[in-house]
Amino acid sequence: MLRLAKVTDLVMIQSYPEEVQIAVLEVLKILDENYGADRNPKADYGGYVILTESEDDLGEIEAEMNVEVSVDSIPEYVDIIRCENRKVYTSSLFLLGSDYGIILVMPYDITPRNLLNYAE
């Protein structure tokens with residue numbers, strides 16, 4: 001599981017498909033522009049992006065963030081990221097407050113089915 005809060009963190013996901021990197025970059029730019037590139041993502045406003053590759057990570061995220069990513073989850077939105085290499089990811093926004101949220105990016109095949117009902 002990877003946590004990215006700033007545009008400079010993008011180097012951590014160079015092995016991911018370009019389409020995923022672009023989607024994450026868009027979010028990180030918005031966070032940097034609106035909340036500052038020098039913010040502390042766990043203490044300041046804004047939030048961050050979490051990339052996960054396993055279902056086990058989802059349970060860890062739920063416990064740590066007190067956010068359900070399972071049967072009863074209601075995201076603000078879910079985007080589908082279709083990659084040229086035929087891999088498919090989802091990107092889901094969960095608001096944890098009026099000025100704080102997490103974007104959860106994960107492979108389509110581990111995305112909880114209820115989240116897919118919100119896909120755009």
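Below is a summary of the structure that appears in this document. Each chain carries its own residue numbering, running from 1 in the written order of its sequence. Local features are withheld for residues below a pLDDT of 70 in this predicted model, meaning they are given only at 70 or higher, and side-chain atom pairs are given and counted only at 80 or more; totals for whole chains, interfaces and linings count all residues. To get the side-chain values, take all heavy atoms of the structure and skip hydrogens and water.

1. Remarks on the overall build of the protein
Here's step 1: The way it works is that DSSP assigns letters per residue, a run of H or I at least four long becomes a helix, a run of E at least two long becomes a strand, and they are numbered from the N terminus. Within the protein one finds three helices and five strands.
Here's step 2: In the protein, the succession of α and β elements from N to C terminus is β-α-β-α-β-β-β-α.
Here's step 3: Taken over C-alpha atoms, the radius of gyration is set against a globule rule of 2.2 Å times the number of residues to the power 0.38. The C-alpha radius of gyration computed for the protein amounts to 13 Å, which stays within 12% of the reference 14 Å derived for 120 residues, consistent with globular compactness.
Here's step 4: With respect to the principal axes defined by its C-alpha atoms, the protein has extents near 35 × 30 × 25 Å.
Here's step 5: Categorising residues by exposure relies on relative accessible area from a 1.4 Å probe, with only protein chains included: less than 20% of the type maximum marks a residue as buried, more than 50% marks it as exposed, and the intermediate range marks it as partly exposed. Here the protein holds 120 residues, and the buried ones make up 45% of them.
Here's step 6: Note on definitions: a residue-residue contact is assigned when non-hydrogen atoms from the two residues lie within 4.5 Å. The contacts of the protein with a sequence gap of at least 6 include a subset with a gap of at least 24, amounting to 54%.

2. Describing the pairing of strand β5 (residues 100-107)
Here's step 1: Of all eight residues in β5, eight are buried; the element is thus mostly enclosed.
Here's step 2: When DSSP finds at least two bridges between two strands, those strands are taken to pair. Note: strand β2 (residues 46-51) against β5, six bridges, orientation parallel. Paired with I50 across the strands is L104, a residue of β5.
Here's step 3: Where strand β4 (residues 88-97) meets β5, eight bridges bridge the pair, whose relative direction is antiparallel. Pairing of L93 across the sheet is with I103, part of β5.
Here's step 4: Hairpin connection of β4 to β5: two residues between the antiparallel strands.

It is worth stressing that arrangement in space is one thing and function is another; only the former is reported here.
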